[in-house]
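Structural description and commentary
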Amino acid sequence: MISQNKFNDINKYWKNLYDIYSNSLDINLKKDTIDWRLKNIRGLLKYLSLLNIDCNNLTPINVYDYLSSLESYSARTREHRAICVRFFLNFLNDNALINFNGLKILPRIHCNKEEKIITYYTSEEIKKLLSSIDINEINGKLNFSLLTLFIYYGIRLRDVINLKLEDINWNEEIICFIQSKTNYITSLPLIDEVKYPMLDYLKNERIKTSSKYIFIRNNGLRINNYYVYYIINKYFKKADIDINNKKHGTHSLRHSLATNLINNNEDIYTISKILGHSNIDDTKIYSKLNYDKLKIVSLEVPTWQI
């Protein structure tokens, strides 16, 4: 049900359809996927409410006009909105509420993943990034430990935020967790570059709390996306690393790990295992950057260094 306070600019007509659509979403979908689809159609519903448009007079032109109104948003946000609007229009069409479907007016555009421009940073830049962290500042040990997970393992943001104390096997020196994106179990060796910063944080900085999550700030709150984005941006600037026209979030550190491993002659299957890819083709994106250094042989996961 839409919150009356937060979404009072969506009229009753579209609120009802929103609720019906919400209840119709596949129960097999992850909660995050459902929330993502719902979040990205609210703008459309506000737009249609403002213009007093309902299913009886809704046309593809209205949809195009709405998407055109998002020019100030990032390309990624516009893409997400279009995808979710497509799903919603398909729902309306399937229920005979409109006479066109989302796929017809917003067709999927298939592209070669290898054509994407990948942002990555060199080993020297990554060293500068880590060196810029003062572990004696507030949350300094947390921040340092946090970045080692992105830098040495390329773990996705959501998985780092959700990492629990029980996911670390100190005796066997293994980090083991279920990936939120794929639901696959990922097991990685607990290398020294990650182990000792984490122990330093847990023993000497982490506040006493009953929380099962590893990364808790000194104010008692668990880290979230915004906190991570803030500190990474902070240390990129502090390290004086050029980020102009380059992505500089957690995924750029994931890309940097993969690219630097390839540059160090690591094989693609090992890289795929480290990154937790469910499909080797996802890893081959990085091979475009340095084809001649790929070795297609399967090796054990190494303890690597940057």
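Located above this text is the structure these notes cover.
One structure accompanies this document, and this report is about it. All values derive from a computational prediction rather than experimental measurement. (Residues numbered from 1 in each chain as written. Predicted model: local features only at pLDDT ≥ 70, side-chain atom pairs only at ≥ 80, totals over all residues. Heavy atoms only, no water.)

**Quick word on the packing of aromatic side chains**
Any pair of aromatic rings gets described here by the distance separating the centres and the angle formed by the planes. Defined as follows: For this analysis, a ring pair means two rings from Phe, Tyr or Trp (six-membered ring only for Trp) whose centres lie within 6.5 Å, classed as stacked if their planes differ by under 30 degrees, edge-to-face if by over 60, and tilted for the remaining angles. Labels follow the DSSP assignment, with helices taken as runs of H or I lasting at least four residues and strands as runs of E lasting at least two, numbered in each case from the N terminus.
Overall, the coordinates contain seven aromatic pairs when judged by the stated rule. Residues Tyr13 and Trp14 carry aromatic rings whose centres are separated by 5.1 Å and whose planes lie at 90 degrees to one another, so their mutual orientation is edge-to-face. Look at Tyr47 and Tyr66: their rings are 5.5 Å apart centre to centre, the planes differ by 55 degrees, and that puts the pair in the tilted class. Of this pair, Tyr47 sits in helix H3 (residues 42-50) while Tyr66 sits in helix H4 (residues 60-68), placing them 19 residues apart in sequence.

**Some points on the sheet that holds strand E2 (residues 174-178)**
Backbone hydrogen bonds are what pair the strands of a sheet, in a parallel or an antiparallel way. Inclusion rule: If DSSP finds at least two bridges between two strands, the strands pair.
As summarised here, the arrangement of the three strands in space is E1-E2-E3, forming an open sheet in which the pairing is antiparallel. The outermost strands of the open sheet, each flanked by one partner alone, are strand E1 (168-169) and strand E3 (185-189). Bridge count between E2 and E3: five bridges; the pairing is antiparallel. Following the sheet pairing, Ile175 is matched in E3 by Leu188.

**Thoughts on the side chain of Ser180**
Applied cut-off: Between buried and exposed lies partly exposed: a residue is buried under 20% and exposed over 50% of the maximum accessible area for its type, with that area taken using a 1.4 Å probe on protein chains only. Whether two residues are in contact is decided by their heavy atoms: any pair within 4.5 Å suffices.
Counting through the fold element by element, Ser180 comes out in the loop between E2 and E3. The buried category is assigned to Ser180, whose relative accessible area is 18%. If near-sequence neighbours (up to four positions away) are discounted, Ser180 is found in contact with Lys30, Arg158 and Asp159.

**Brief notes about the side chain of Lys141**
Test applied: Each polar contact in these results corresponds to two N or O atoms within 3.5 Å; when the atoms are within protein, one needs to be able to donate a hydrogen and the other to accept it, and residues that are neighboring in sequence are counted only if both atoms are side-chain atoms.
Within the secondary structure, Lys141 is located in helix H8 (residues 140-153). Residue Lys141 is classed as buried on the basis of its relative accessible area, which comes to 14%. Within the local environment of Lys141, its side chain forms a polar contact with the side chain of Asp200, the two groups lying 3.2 Å apart.

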